[in-house]
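# Inside the fold
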Amino acid sequence: MIPKVIWQTHEYDFEDLPYPYNLNAKTWIDKNPRYKYKYVNAAERRIQIELLRPDLLYIYDTIPGIVYKTDVWRYIVLSEYGGFYADLDSVCIQPLDIYVDQEFISMTSGGHWGCPGYKETWEYVETEHVPCNKVTKGLISNSHFGSSAKNEILYDLLNTVNLNFKTAYPNGVGMNEMGHYHITDPLTFSNTLIKYKDRVSKSIVYYDMEHKKDQSCLDGNSKDRIQICHGEIHKNKYIAVD
């Protein structure tokens, strides 16, 4: 069972969130009135990690880049408390309620937006469905997912992140060719979820990264799925949701 909690984070205090993140957050709150909404700023992220997983605090403090730090935080918080995580550059269009009885939900389109036919790749990890050489082919995005509390899947993922970090930063210094991205990235996320594929629900979102048309992700052509708009457009233009 996934707790009815939505987790989001940014560097700002919630009341200081800039446009359009303040409006995006409101869609997650308004579309899910029976959910607790938990926003965590940068200082609070570190406090939570120190409280929940002090053994992994060194990764959070050392790894460069806000994106990688928030990856570590989201894995830790959901592994302990459960709930739904959603990037703040996304808009919630339909409520989350219909899938709370699952153990783990992967929210992904299963392909890269530049691949032919990517909009049809709704099935879980359809790596062969889309003929494409993009690096993101078949990956499961870690931008939106839901988990039960005390979840073995995320504990395993955190063990992998820890190992990846030690491999990338031997002796705690420098960085090898592994790079920052692959310590916490969707590839690491995907490889862990594939190990537990019988316990991970299939993709359940209408997911459009590019918004080629202004209403491209608001067409409602997938009524049985949670619908999310996600991508660069929300940094420049807010798409209103009725």
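Now for a quick tour of the structure.

### Digging into the overall build of the protein chain
Each helix and strand in the protein chain was counted, giving eight helices and eight strands. Look at the contacts in the protein chain between residues 6 or more apart in sequence, and 73% of them connect residues 24 or more apart. When the accessible surface of the protein chain is summed, it comes to about 11,200 Å², and 54% of that surface belongs to carbon and sulfur atoms.

### So, the packing of aromatic side chains
Going through the model one piece at a time under the given rule, you end up with 14 aromatic pairs. Through successive ring pairs, a cluster of aromatic residues spans W7, W73, Y75, Y81, Y85, F104, F145 and F189. Above the ring of Y60, the side-chain terminus of K69 is found at 5.1 Å from the ring centroid.

### Quick notes on a negative patch on the surface
Residues D13, E15, D16 and E44 make up a contiguous surface patch of negative charge. Relative to the helices and strands, E44 is located in helix α2 (residues 42-52).

### Structural notes on the nonpolar core
The nonpolar side chains of a soluble globular protein tend to be buried with one another. Ranked by size, the top nonpolar core spans 34 residues in total, and within it F104, F145 and F189 carry the most contacts. At the level of elements, β1 (5-9), α2, α3 (57-62), α4 (66-81), α5 (152-168) and α7 (186-195) are the ones that each hand at least two residues to this core. Ranked by size, the runner-up nonpolar core spans nine residues in total, among them W28, Y35, F84 and L96.

### A short note on the pattern of salt bridges
For the coordinates displayed, the defined rule picks out eleven salt bridges. Across the pair E103 and R199 runs a salt bridge, and its minimum N-O distance is 2.7 Å. Of the two residues, E103 is situated in the loop between β4 (90-92) and β5 (104-106) and R199 in the loop between α7 and β7 (205-208); the sequence distance between them amounts to 96 residues. On the accessibility criterion, R199 (32% relative accessible area) is partly exposed.

### What about the packing of α2 against α4?
Running from amino to carboxyl end, α2 crosses α4 at an angle of 45°, the nearest separation of the two axes being 10 Å. Here α2 lies oblique to α4, going by the angle between them. The way α2 lies across α4 gives a crossing that is left-handed. Contact with α2, carried on its side by R45, Q48, I49, L51 and L52, involves I66, T70, V72, W73, I76, V77, E80 and Y81 of α4 and no other residues of that element. Along the lines of polarity and charge, the residues of the contact of α2 with α4 split into nine nonpolar, two polar and two charged.

### A closer look at the pairing of strand β2 (residues 36-40)
The pairing of β1 with β2 spans five bridges and is classified as parallel. Within β2, the residue paired with T9 across the bridge is V40.

About the thresholds
Residues numbered from 1 in each chain as written. Predicted model: local features only at pLDDT ≥ 70, side-chain atom pairs only at ≥ 80, totals over all residues. Heavy atoms only, no water. Helix = DSSP H or I, 4+ residues; strand = E, 2+ residues; numbered from the N terminus. Contact = heavy atoms within 4.5 Å. Areas by Shrake-Rupley, 256 points an atom, 1.4 Å probe, with all protein chains shown as cover. Phe/Tyr/Trp six-rings, centres within 6.5 Å; stacked < 30°, edge-to-face > 60°. Lys NZ or Arg CZ within 6 Å of the ring centre and 35° of its normal. Patch = residues over 30% accessible without salt bridge, like charges linked within 9 Å, V, L, I, M, F, W, Y side chains within 5 Å. Salt bridge = Lys/Arg side-chain N within 4 Å of Asp/Glu carboxyl O. Lys, Arg positive; Asp, Glu negative; His and termini not counted. Charge placed at Lys NZ, Arg CZ, Asp CG, Glu CD. Core = buried A, V, L, I, M, F, W, Y, C linked by side-chain atoms within 4.5 Å. Buried < 20%, exposed > 50% of the residue type's maximum accessible area, 1.4 Å probe, protein only. Axes fitted to C-alpha atoms, helices over the stretch in contact; angles between N-to-C directions. Parallel < 35°, antiparallel > 145°, perpendicular 65-115°, else oblique. Left-handed = near helix turned anticlockwise from the far one by under 90°. Nonpolar A, V, L, I, M, F, W, Y, C, P; charged D, E, K, R; others polar. Pairing = 2+ DSSP bridges.

Remember that the coordinates give geometry; whether it matters functionally is a separate question.
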